[in-house]
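# Summary of the model geometry
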Amino acid sequence: MTARTRAHDEPGFPQEPDLSPADGGLMDHEVFTREEYLQIADFLRTQTAHRPAVGLILGSGLSALADEIIDADRIEYADIPGFAVSTVQGHSGRLVFGNLAGREVVMMQGRVHAYEGLPMARVTLPVRVMALLGVRTLVVTNAAGGVNPAFKAGDLMLITDHLGLMTMVGGNPLWGPNDDSLGPRFLAMNNAYDRDLRKLALAVAAERGIALQQGVYAGLGGPTFETPAEIRLLRMIGADACGMSTVPEVIVARHMGVKVLGISGISNATIADADSEEEANHEEVLAAGREIAPKLMALIRGVLERLPD
């Protein structure tokens with residue numbers, strides 16, 4: 001069973017985190033076994049007849065994309081053993097199985113974040129489960145701040161690479177004992193965002209007249225928005241957009257051999273001037289998501305239609 005957990009009504013499933021100070025609280029590493037991930041996958045197979053090969057994760061303000069799924073089976077995270085429930089506005093918190101653009105898919109309608117007080121193993125658990133359900137391609141989306149001065153709110157950015165600032169010096173989801181049946185101890189990340197999927201996304205965008213920026217995503221811890229000094233630093237080290245998610249999920253997907261396509265919706269221009277009277281807020285992130293959603297769905301549909309079988 002998992003480490004640092006308390007009893008649950010359904011034995012054998014990953015437990016909720018134990019917050020008691022005597023037990024070390026959430027700073028301890030949770031460890032799940034392959035068998036526990038498989039138990040959750042087996043549970044989900046009893047809830048739907050769909051057998052997805054493609055997974056999608058929806059970022060802040062993008063939950064409406066799940067309404068595009070045909071013949072949908074919707075399962076609340078609260079009803080799935082081991083799944084954490086998001087506390088963040090704009091993350092609906094359900095798993096949606098069905099058909100999109102002729103593909104069997106499973107979509108995370110909202111995600112959880114480490115800044116909500118969750119260990120990385122719990123944050124990334126759904127990705128492990130999707131891989132064991134048969135997902136071999138993962139499309140990860142997020143709402144991101146535009147670090148590149150040329151980007152504006154409403155743009156789409158194809159993620160070419162990431163700066164895992166939240167994982168480079170701490171909080172990597174692969175910390176702890178490694179199960180070789182899930183993936184290697186030391187993971188190469190030079191093709192984290194699959195080059196063939198990126199080429200496909202660029203081709204679809206060109207054909208459909210969708211403006212698609214390209215750039216490097218910086219994954220930060222959050223939940224605070226960035227200071228002007230931090231934005232200037234991010235520009236210096238090569239970031240084009242930044243956000244508070246995605247990197248841990250991509251690491252775990254690659255650990256399990258799943259190919260990744262990443263797309264950021266630029267929700268706001270970041271503030272690099274300490275004397276600016278502008279102020280970032282979550283409401284503008286959600287509003288930008290509503291503007292971004294139609295063209296993001298058109299891009300995703302086009303990619304799914306042209307994915308090789």
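A brief report on the enclosed structure follows.

About the thresholds
- Residues numbered from 1 in each chain as written.
- Predicted model: local features only at pLDDT ≥ 70, side-chain atom pairs only at ≥ 80, totals over all residues.
- Heavy atoms only, no water.
- Core = buried A, V, L, I, M, F, W, Y, C linked by side-chain atoms within 4.5 Å.
- Buried < 20%, exposed > 50% of the residue type's maximum accessible area, 1.4 Å probe, protein only.
- Helix = DSSP H or I, 4+ residues; strand = E, 2+ residues; numbered from the N terminus.
- Contact = heavy atoms within 4.5 Å.
- Salt bridge = Lys/Arg side-chain N within 4 Å of Asp/Glu carboxyl O.
- Axes fitted to C-alpha atoms, helices over the stretch in contact; angles between N-to-C directions.
- Parallel < 35°, antiparallel > 145°, perpendicular 65-115°, else oblique.
- Left-handed = near helix turned anticlockwise from the far one by under 90°.
- Nonpolar A, V, L, I, M, F, W, Y, C, P; charged D, E, K, R; others polar.
- Phe/Tyr/Trp six-rings, centres within 6.5 Å; stacked < 30°, edge-to-face > 60°.

Ranked by size, the top nonpolar core spans 45 residues in total, and within it Leu44, Ile80, Phe83, Leu95, Val129, Met130 and Leu138 carry the most contacts. Elements represented by at least two residues in this core include exactly helix H1 (34–45), strand S3 (94–100), strand S4 (103–109), helix H2 (120–133), strand S5 (137–146), strand S6 (156–163), helix H6 (247–255) and strand S9 (259–269). The element contributing the most residues to this core is H2, with eight residues. Residues contacting Val129, with those up to four places away along its chain left out, are Tyr37, Ile40, Ala41, Leu44 and Phe83. Grouped together as the second largest cluster of nonpolar side chains are 34 residues, Ala101, Leu200, Ala288 and Val303 included.

All chains considered together, the criterion is met by eight salt bridges. For Arg45, the salt bridge is made with Asp42, and the minimal N-O distance between the two is 2.8 Å. Taken as a pair, Arg45 and Asp42 lie in helix H1 at a separation of three residues, close to a single helical turn. The residue Asp155 makes a salt bridge to Lys152 at a minimum N-O spacing of 3.1 Å.

Below, the discussion takes up the packing of H2 against H6. Orientation of H2 relative to H6, taken along the N-to-C sense of each, is 50°, at an axis distance of 9 Å. Classified by the interaxial angle, the pair formed by H2 and H6 is oblique. Relative to H6, H2 is oriented so that their crossing is right-handed. Mapping the contact onto sequence places Met120, Thr124, Val127 and Arg128 in H2 and Pro248, Glu249, Val252, Ala253 and His255 in H6. Among the residues forming the contact of H2 with H6, the class breakdown is five nonpolar, two polar and two charged.

A few words now on the packing of aromatic side chains. For the coordinates displayed, the defined rule picks out two aromatic pairs. Centroid distance Phe32 to Tyr37: 5.8 Å. Interplanar angle 75°. Geometry classified as edge-to-face. An identical accessibility class is assigned to Phe32 and Tyr37; each is buried. For the ring pair Tyr77 and Phe83, a centre distance of 5.5 Å and an interplane angle of 50° mean the geometry is tilted. Each member of the pair, Tyr77 as well as Phe83, carries the same accessibility label: buried.

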